[in-house]
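One-letter residues, chain by chain:
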Amino acid sequence: MINKMYKGPLIAVAVILAAVLAYGLLTMKDDRNPAEKIGDAIHELPQGIDKAGRQLEDRTPGQKLGDAVKDTGDKIKENTNP
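Caption draft 1: A look at the overall build of the chain. Helices and strands together make up the secondary structure of the chain, namely 4 helices and 0 strands. Mapped from its N terminus to its C terminus, the chain presents α and β elements in the order α-α-α-α. Against the compact-globule benchmark of 12 Å for 82 residues, the chain has a radius of gyration of 20 Å, which places it well outside the compact range. Principal axes of the C-alpha set define a box for the chain whose edges measure 60 × 40 × 15 Å. Counting all 82 residues of the chain, 15% fall into the buried class. Long-range pairs, those at least 24 residues apart, make up 40% of the contacts in the chain with a sequence separation of at least 6. One way to put it: in the chain the 12 positive side-chain charges average out to a point 9 Å from where the 12 negative ones average out.

Caption draft 2: Broad picture of the side chain of Arg59. Note that Arg59 resides in the loop between α3 (49-54) and α4 (61-80). Side chain to side chain, Arg59 and Asp67 meet in a polar contact 2.7 Å long. Non-local contacts of Arg59, meaning those with residues more than four positions away in its chain, are made with Asp30, Arg54, Lys64 and Asp67.

Caption draft 3: Quick peek at the pattern of salt bridges. Within this structure, the stated rule accounts for 6 salt bridges. Between Asp58 and Lys37 there is a salt bridge, with the nearest N and O atoms lying 2.1 Å from each other. Residue Asp58 is found in the loop between α3 and α4, and its partner Lys37 is found in helix α2 (residues 34-44); the two are separated by 21 residues along the sequence. For the salt bridge of Arg59 with Asp67, the shortest nitrogen-to-oxygen distance reads 2.7 Å. Residues Arg59 and Asp67 agree in their burial class; the two are buried.

Caption draft 4: Structural context of a nonpolar patch on the surface. Taken together, the side chains of Leu25, Leu26, Met28, Leu65 and Val69 define a hydrophobic patch exposed on the protein surface, amounting to about 470 Å² of accessible area. Breaking the nonpolar patch down by element, the ones donating at least two residues are α1 (4-26) and α4. Assignment of secondary structure puts Met28 in the loop between α1 and α2.

Caption draft 5: Broad picture of the side chain of Asp30. Topologically, Asp30 is positioned in the loop between α1 and α2. Looking at Asp30, its side chain comes within polar contact range of the side chain of Arg32, at 3.0 Å. Not counting the four nearest positions on each side in its chain, Asp30 is found in contact with Lys37, Glu57, Asp58, Arg59 and Lys64.

Thresholds, definitions, all that
- Each chain has its residues counted from 1, following the order in which its sequence is written.
- Residue-level local features of this predicted model are given only where pLDDT is at least 70; pairs of side-chain atoms are given and counted only at 80 or more, and the full residue set underlies all totals for whole chains, interfaces and linings.
- The basis for every side-chain value is the complete set of non-hydrogen atoms in the structure, without hydrogens or water.
- Secondary structure counts use DSSP, requiring at least four H or I residues in a row for a helix and at least two E residues in a row for a strand, with both numbered from the N terminus.
- The quantity called the radius of gyration is restricted to C-alpha atoms. Its globule counterpart is 2.2 Å times the number of residues to the power 0.38.
- Working definition: with a 1.4 Å probe on protein chains only, accessible area under 20% of the residue-type maximum means buried, over 50% means exposed, and in between means partly exposed.
- The contact criterion used throughout is that any non-hydrogen atoms of two residues lie within 4.5 Å.
- His residues and chain termini do not enter the charge count, which takes Lys and Arg as positive and Asp and Glu as negative.
- By convention, charge coordinates are those of NZ in Lys, CZ in Arg, CG in Asp, or CD in Glu.
- Within 3.5 Å is the distance limit for a polar contact, defined as a pair of N or O atoms, with the added protein rule that one can donate a hydrogen and the other accept it, and that residues adjacent in sequence qualify only through two side-chain atoms.
- Salt-bridge detection follows one rule: a side-chain nitrogen of Lys or Arg within 4 Å of a carboxyl oxygen of Asp or Glu.
- Note that patches include only residues with greater than 30% relative accessible area and no salt bridge, and the join distances are 9 Å for like charges and 5 Å for nonpolar side chains (Val, Leu, Ile, Met, Phe, Trp, Tyr).
- Shrake-Rupley sampling with a 1.4 Å probe provides the accessible areas, and residues are treated as covered by the protein chains on show and by no other component.

Here it is as structure tokens:
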């Protein structure tokens, strides 16, 4: 069993490590080559030109996640409006 004296600092270190890893993951560089970007844009064309255009930009995973959340919110609004 972990001594109570070490429990607080151990939790703090774990939280800091998780925060650093999350930051690193969400700010990673977009390393797709131009052919992959064009392929992704073509794949997104049925959802709209604006969504296809987003695929051509260099975007971090955090930006992509934000776009997905926004798109999901827009779909919920469309489906719940009378």
